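Observations on chain architecture
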Amino acid sequence: YTRGTVKAFSPFDARADAEALRKAMKGMGTDEETILKILTSRNNSQRQEIASAFKTLFGRDLVDDLKSELSGKFETLMVSLMRPTYIFDAHALKHAIKGAGTNEKVLTEILASRTPAEVRNIKQVYLQEYEANLEDKITGETSGHFQRLLVVLLQANRDPDGGVDEALVEQDAQVLFRAGELKWGTDEEKFITILGTRSISHLRRVFDKYMTISGFQIEETIDRETSGDLEKLLLAVVKCVRSIPAYFAETLYYSMKGAGTDDDTLIRVMVSRSEIDLLDIRQELRKNFAKSLYQMIQKDTSGDYRKALLLLCGGDDE
C-alpha cells in the first residue's frame, strides 16, 4: 500500500484535530477549508481516531455534524472519507443493491477489481454489519450470465499466482477462441469459468496466446460477442487482470470525459484508492489518455469539492 497519495500524517494529534473540526463547525457559518484540509491529509485510521476523540471531547458524532453542516457533493466526499476502510466496499455494495433498481456499475467495479482476500473480507463485513449474506442479496437482484460471473467472483477462489503451465495456457486460449470467435452465439460459460478462476499470471499469458491464435485482443472479442452488463463485467475483469491501476485510470477518465460528471464514481475511486495505488492510477491516466488527473478534476469540478479532490489527487502530472 505504498503507492497511495494519502499517507499517515505526522506529528498526529487526534484531539487537536477534533478541536479544530469542532471550531470549524460551531456557531454561525462553517469553515469548510479547515475541514477539507484536515480530512484529506490524515489517513483513514487517523480519521477514525479523530472521530473517537471528537465523541470523547464533545459527546457529538463527527459524521452527523459533517452531514448537518455540509451539503451536496462536498458532503458526500467528506462523509466517504470518514467511512472506515474495511467497511467502505461493503457499504458501497449495500447501496448498489438497495431499493429500486440495482447499480450494476458499482457491482462490476468492486467485484472485478478487488483481490480474493479483499472479497472475502467484504463478505464477512457485510454479514457482520448488515446481518445479510452478500451473495444472496446480489443473486436476488441480478440474473443470467452477469449474475453467474458475479457469483464466481464472490467465491474468491481464484488460483493463487504461481508457475505458469504453458500447456494449460494454450488449452484455455483455444477454449476461449472456440467459445468466442468460432461459434455462433458465444459460450459465455467458458469465459466465466476461465476469467473468474484462473490465476492473474496465467490469464495474462492466456491473453497473449489468444491474440496469437485469433489475431484479436480478447477485449475485441468480448465487445463483439457479448453485450450489456455481462460485457461490461467481462471487460472489467480482463482489464483488472492486465492492470488494476490502468482499469481505474480508465474509470476516472470516463467519469469526467464529455458532458456531465459521474460524481459517485469519481468520489468512490478517489477515496477507495487514495491509500493504495492512486499514484499508479495517475501515471496510467497520463500514459493511456495523455491527460493529467489533476487537470481533469480542476476542469470538471468546483468549490470546496474541487479543493478536496485536488488534495486527494496529490499533484499534477504535466
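Every value quoted in this text rests on a predicted model; they were computed, and no experiment measured them.

Here's the deal with the overall build of the chain
- Helix and strand counts for the chain come out as 20 helices and 0 strands.
- In terms of overall dimensions, the chain is globule-like: its C-alpha atoms have a radius of gyration of 21 Å, near the 20 Å expected for 318 residues.
- Expressed along its principal axes, the backbone C-alpha trace of the chain runs to roughly 70 × 45 × 40 Å.
- Relative to its full complement of 318 residues, the chain shows a buried share of 47%.
- Considering only residue pairs separated by 6 or more positions, the chain has 72% of its internal contacts joining residues 24 or more positions apart.

A few points about the environment of Val-206
- Along the polypeptide, Val-206 turns up in helix α13 (residues 200–214).
- Note on Val-206: relative accessible area 0%, which makes it buried.
- The sequence separation of Val-206 and Glu-166 amounts to 40 residues, and the corresponding C-alpha distance is 8.9 Å.
- Once you skip the residues sitting within four places of it in the chain, Val-206 turns out to touch Val-169, Asp-172, Ala-173 and Leu-176.

Things to note about the packing of aromatic side chains
- Inspection of the entire model under this criterion finds 7 aromatic pairs.
- The interplanar angle of 15° and the centroid separation of 4.1 Å between the aromatic rings of Tyr-253 and Phe-289 together place this pair among those described as stacked. Placement of Tyr-253 in helix α16 (residues 244–256) and of Phe-289 in helix α18 (residues 278–289) is noted, with a sequence separation of 36 residues between them.
- Measuring from ring centre to ring centre gives 6.1 Å for Tyr-254 and Phe-289, while their planes differ by 90°; the resulting arrangement is edge-to-face. On the criterion of sequence distance, the pair formed by Tyr-254 in helix α16 and Phe-289 in helix α18 is long-range, its members being 35 residues apart.
- Overall, Tyr-254 belongs to the partly exposed group, its relative accessible area being 48%.

A word on the nonpolar core
- Counting residues in hydrophobic clusters, the biggest one holds 94 residues, and the most contacted among them are Met-78 and Met-270.
- For this core, the element with the highest residue contribution is helix α15 (residues 228–242), accounting for 9 residues.
- Apart from residues no more than four positions distant in its own chain, Met-270 is found in contact with Leu-252, Leu-278, Leu-293, Ile-297, Leu-309, Leu-312 and Cys-313.

Description of the domain arrangement of the chain
- Taken as a whole, the chain is organised into domain 1 (14–82), domain 2 (87–155), domain 3 (166–242) and domain 4 (244–313).
- Each of domain 1 and domain 3 was reduced to a C-alpha centroid, and the two centroids are 46 Å apart.

Looking at the side chain of Thr-30
- Inspection of the secondary structure puts Thr-30 in the loop between α1 (14–25) and α2 (32–41).
- The exposure class of Thr-30 is buried, given its relative accessible area of 18%.
- There is a polar contact of 2.7 Å between the side chain of Thr-30 and the side chain of Glu-69.
- Setting aside its immediate chain neighbours within four residues, Thr-30 contacts Ala-24, Met-25, Ile-35, Glu-69 and Leu-70.

Let's talk about the pattern of salt bridges
- Counting across every chain of the model gives 21 salt bridges.
- Of the charged contacts in the structure, one is a salt bridge between Asp-89 and Arg-114, with a shortest N-O distance of 2.7 Å. Remark: Arg-114 occurs in the loop between α7 (104–113) and α8 (116–130) and Asp-89 occurs in helix α6 (residues 85–96); sequence separation between them is 25 residues. There is no split in this pair, since Asp-89 and Arg-114 are both buried.
- Close ionic contact of Asp-208 with Arg-205 constitutes a salt bridge, the shortest N to O distance being 3.6 Å. Residue Asp-208 and its partner Arg-205 are both found in helix α13; the two are separated by 3 residues, about one turn of the helix.

Points about the packing of α6 against α7
- Following both chains from N to C, one finds α6 and α7 inclined at 150°, their axes separated by 8 Å at the closest point. With respect to each other, α6 and α7 are oriented roughly antiparallel. As for the relative orientation of α6 and α7, their crossing is left-handed in sense. Touching Asp-89, Ala-92, Leu-93 and Ala-96 of α6 are Val-106, Leu-107 and Ile-110, all from α7.

Reading the values: the criteria
- Sequence positions are assigned chain by chain, starting from 1 and proceeding in written order.
- Reporting in this predicted model follows two pLDDT cut-offs: at least 70 for local features of residues, and 80 or more for side-chain atom pairs to be given and counted; totals over whole chains, interfaces and linings ignore these cut-offs and use all residues.
- Side-chain measures here rest on the full set of heavy atoms in the structure, leaving out hydrogens and waters.
- Under the DSSP-based scheme used, a helix requires at least four consecutive residues in state H or I and a strand at least two consecutive residues in state E, with every element numbered from the N terminus.
- Every radius of gyration here is taken over C-alpha atoms, with the globule rule written as 2.2 Å times N^0.38, N being the number of residues.
- Residue burial is assigned from relative accessible area. The probe radius is 1.4 Å, only protein chains are included, and a residue is buried under 20% of its type maximum, exposed over 50%, and partly exposed in between.
- It only takes one pair of heavy atoms within 4.5 Å for two residues to be counted as in contact.
- When the centres of two rings from Phe, Tyr and Trp lie within 6.5 Å, Trp using its six-membered ring, the rings pair. Their planes under 30 degrees apart give stacked, over 60 give edge-to-face, and anything left gives tilted.
- Within this scheme, the nonpolar core is defined by two criteria: the residues are buried Ala, Val, Leu, Ile, Met, Phe, Trp, Tyr or Cys, and they are joined through side-chain atoms within 4.5 Å.
- How far each domain reaches was decided by an automatic or database domain assignment.
- Two N or O atoms form a polar contact when they lie within 3.5 Å of each other; inside protein one atom must be a possible hydrogen donor and the other a possible acceptor, and for residues adjacent in sequence the pair counts only when both atoms belong to side chains.
- Only one rule defines a salt bridge in this text: a Lys or Arg side-chain nitrogen within 4 Å of an Asp or Glu carboxyl oxygen.
- Helix axes are fitted only over the stretch in contact, all axes being lines through C-alpha atoms; the angle between N-to-C directions runs from 0 to 180 degrees.
- Angles are sorted into four bins: roughly parallel if under 35 degrees, roughly antiparallel if over 145, roughly perpendicular if 65 to 115, and oblique for all others.
- If you view the pair so one helix is near and one far, a crossing is left-handed when the near helix is turned anticlockwise from the far one by less than a right angle, and right-handed when it is turned clockwise.

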